[in-house]
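# Summary of the model geometry
Below are the chains, spelled out letter by letter.
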Amino acid sequence: MIKTGATRLPLDRVPALAKSLECDPARLFILALEQQDNALAVVVRDIFRIAVSANEATWIEELRDASDHSDPTLTTKARRAIRALFGK
């Protein structure tokens, strides 16, 4: 019912569900919060972004978009590809 949107995900259930789904709990929290109160979700999302620069947030969003929000593991191959972008 949560998956279809028929029921909202209770915020206190986010950590356990994120663990069982093996996904980023912060990302799941934001998605659950958007169901509860979208305006509050925008504020919380902005607070999370303070921890990274605007440029870093853009990189993160691009990674999420490119991976279809699958929260991929950083493999050795992917790490090398990223470092190669910067000539390292």
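Residues numbered from 1 in each chain as written. Predicted model: local features only at pLDDT ≥ 70, side-chain atom pairs only at ≥ 80, totals over all residues. Heavy atoms only, no water.

### Re the overall build of the protein chain
- For the protein chain, the count of helices and strands is 5 helices and 0 strands.
- The order of α-helices and β-strands along the protein chain, N terminus first, is α-α-α-α-α.
- Rg of the C-alpha trace for the protein chain: 15 Å, well past the compact-globule value of 12 Å for 88 residues, more than 25% over.
- On the principal axes, the C-alpha backbone points of the protein chain span a range of 45 × 25 × 20 Å.
- Surface exposure of the protein chain reaches about 7,100 Å², of which carbon and sulfur atoms provide 59%.
- Between the centroid of the 13 positive side chains of the protein chain and the centroid of its 12 negative side chains there is a distance of 6 Å. (Helix = DSSP H or I, 4+ residues; strand = E, 2+ residues; numbered from the N terminus. Rg over C-alpha atoms; globule rule 2.2 N^0.38 Å. Areas by Shrake-Rupley, 256 points an atom, 1.4 Å probe, with all protein chains shown as cover. Lys, Arg positive; Asp, Glu negative; His and termini not counted. Charge placed at Lys NZ, Arg CZ, Asp CG, Glu CD.)

### Side note on helix H2 (residues 25-36)
- The terminal C-alpha atoms of H2, which comprises 12 residues, lie 16 Å apart, in line with the 16 Å expected from a rise of 1.5 Å per residue.
- Every buried residue of H2 is listed here: Leu-28, Ile-30, Ala-32 and Leu-33.
- Buried residues along H2 sit in contact with helix H1 (14-21) and helix H3 (38-50). (Expected span 1.5 Å × (residues − 1). Buried < 20%, exposed > 50% of the residue type's maximum accessible area, 1.4 Å probe, protein only. Contact = heavy atoms within 4.5 Å.)

### Details of the packing of aromatic side chains
- Throughout the structure, instances matching the rule amount to 1 aromatic pair.
- Relative to Phe-86, the ring of Trp-59 lies with its centre 5.8 Å away and its plane at 35°, an arrangement referred to as tilted. With a gap of 27 residues between them, Trp-59 in helix H4 (residues 54-66) and Phe-86 in the segment after helix H5 (76-85) connect regions that are remote in the sequence.
- By relative accessible area, which is 45% here, Trp-59 ends up partly exposed. (Phe/Tyr/Trp six-rings, centres within 6.5 Å; stacked < 30°, edge-to-face > 60°.)

### Focus on the nonpolar core
- Core analysis: the largest hydrophobic core is formed by 5 residues, namely Leu-9, Val-14, Ala-18, Leu-28 and Ala-32.
- At the level of secondary structure, the elements contributing two or more residues to this core comprise H1 and H2.
- Excluding its chain neighbours within four sequence positions, the residues that come into contact with Leu-28 are Leu-9, Val-14, Leu-17, Ala-18 and Cys-23. (Core = buried A, V, L, I, M, F, W, Y, C linked by side-chain atoms within 4.5 Å.)

### Examining the packing of H1 against H2
- Taken N-terminus to C-terminus, the directions of H1 and H2 make an angle of 125°; their axes are 9 Å apart at the nearest point. Put simply, H1 runs oblique to H2. The handedness of the crossing between H1 and H2 is right-handed. Residue-level inspection shows Val-14, Leu-17 and Ala-18 of H1 in contact with H2, the latter providing Pro-25, Leu-28, Phe-29 and Ala-32.
- Here the contact of H1 with H2 is composed, by residue class, of 7 nonpolar, no polar and no charged. (Axes fitted to C-alpha atoms, helices over the stretch in contact; angles between N-to-C directions. Parallel < 35°, antiparallel > 145°, perpendicular 65-115°, else oblique. Left-handed = near helix turned anticlockwise from the far one by under 90°. Nonpolar A, V, L, I, M, F, W, Y, C, P; charged D, E, K, R; others polar.)

### Some remarks on the confidence of the model for the protein chain
- Mean pLDDT over the protein chain: 86, with 100% of residues reaching 70 or higher.
- Ranking the elements of the protein chain by mean pLDDT puts H3 last with 80 and H5 first with 94. (pLDDT = per-residue confidence, 0-100.)

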